[in-house]
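Coordinate inspection notes
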Amino acid sequence: MGWDALGQWGADAERVERLAGGSSNDVWSVRINGQLAVARLGKRSDADLAWEAALLQHLDRSGMTVPVPIPTMDGRLFVDSLVVMKYMEGGPPETEADWRRVADTLRQLHHLTQDWPQRPGWRSSTDLLQADTGTRIDLTAMPEEAVARCRAAWARLVGRQSCVVHGNPTNPSNIRMTADRVALIDWDEAHVDVPELDLALPHNAAGFDAAEFDIAAQASAAWEAAVCWKDDYSVERLAEVRAV
């Protein structure tokens, strides 16, 4: 059905402008009942989208500012991999103080989701110490030496508390800030993992000591290298992971 499914949100629902949405999704600003919103068309399964929708509704009820799904006219939260979400005002973080606010928001996310189930089909970083694949990660496609480096970084996370992580909060375009709130957008990479993967932020905004920041930074670089393999960005991130 593709974009024809947008009619499920109303006869006057229309696309307005294409937005940056990465390589996995087609993302547009849309108008629903006269209000600006954001629509994302991808290839996720219904189970995956249901997990994401339930998470965003939970965070919204708990007081976080997130792009909650807007239901269709008959109450569905997605149709044929199309999701329509609340539009988030604001701009990216620019200062060290901004990034500290981002760190506080991420810690709120982590606190609210300590018992959340894993996203269907996903693996955590520590799961991948034994498993070879999980959603977009396929360690068999990477050189053995690269896999060993990634697993060495993730092994330092064993035994830590897990929760939902956003998955890509260091990208400023995934954050919308105003004077009174921080909104995290683009939850396409969210899954259950250790919170350190979210907290290797610019300016060490999470306030880690040197040893803990190193653990977080190495694990995060290894994750992004694996999940994006093999584009130029993943090669750059792998170069940040120490050799074994």
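The sections below set out a description of the structure shown in this document. Since we're looking at a predicted model, the values are computed, not measured.

Considerations on the environment of V227
Checked against the element boundaries, V227 lands in helix 4 (residues 210-228). Not counting residues within four places of it along the chain, the set of residues in contact with V227 comprises R136, I137 and E189.

Here's the deal with the sheet that holds strand 2 (residues 26-32)
If you walk across this open sheet you meet the four strands as 1-2-3-4, and the pairing is antiparallel. Both edges of this open sheet fall to strand 1 (14-19) and strand 4 (82-86), since each of them pairs with a single strand only. If you compare each strand with its neighbour and ignore which way they point, the axes differ by 35 degrees on average. As paired elements, strand 2 and strand 3 (residues 35-41) share seven bridges and run antiparallel to each other. For V27, the partnering residue across the bridge sits in strand 3 and is R40.

Here's the deal with a nonpolar patch on the surface
A cluster of nonpolar side chains, V16, L36 and Y87, forms an exposed patch at the surface whose accessible area comes to about 220 Å². Its place among the elements puts L36 in strand 3.

Here we look at unusual backbone geometry
In this structure, K230 follows W229 across a cis peptide bond, with omega equal to 5 degrees. Along the polypeptide, K230 turns up in the loop between helix 4 and helix 5 (232-239). Its identity as a non-glycine residue notwithstanding, N33 has a phi of 50 degrees, on the positive side. Mapped onto the secondary structure, N33 falls in the loop between strand 2 and strand 3. With a phi angle near 50 degrees, D80 is a residue other than glycine that sits in the positive phi range. Structurally, the position occupied by D80 is in the loop between helix 1 (46-61) and strand 4. What makes D80 partly exposed here is its relative accessible area of 45%.

Rules used throughout
- Residues numbered from 1 in each chain as written.
- Predicted model: local features only at pLDDT ≥ 70, side-chain atom pairs only at ≥ 80, totals over all residues.
- Heavy atoms only, no water.
- Helix = DSSP H or I, 4+ residues; strand = E, 2+ residues; numbered from the N terminus.
- Contact = heavy atoms within 4.5 Å.
- Pairing = 2+ DSSP bridges.
- Axes fitted to C-alpha atoms, helices over the stretch in contact; angles between N-to-C directions.
- Patch = residues over 30% accessible without salt bridge, like charges linked within 9 Å, V, L, I, M, F, W, Y side chains within 5 Å.
- Areas by Shrake-Rupley, 256 points an atom, 1.4 Å probe, with all protein chains shown as cover.
- Salt bridge = Lys/Arg side-chain N within 4 Å of Asp/Glu carboxyl O.
- Buried < 20%, exposed > 50% of the residue type's maximum accessible area, 1.4 Å probe, protein only.

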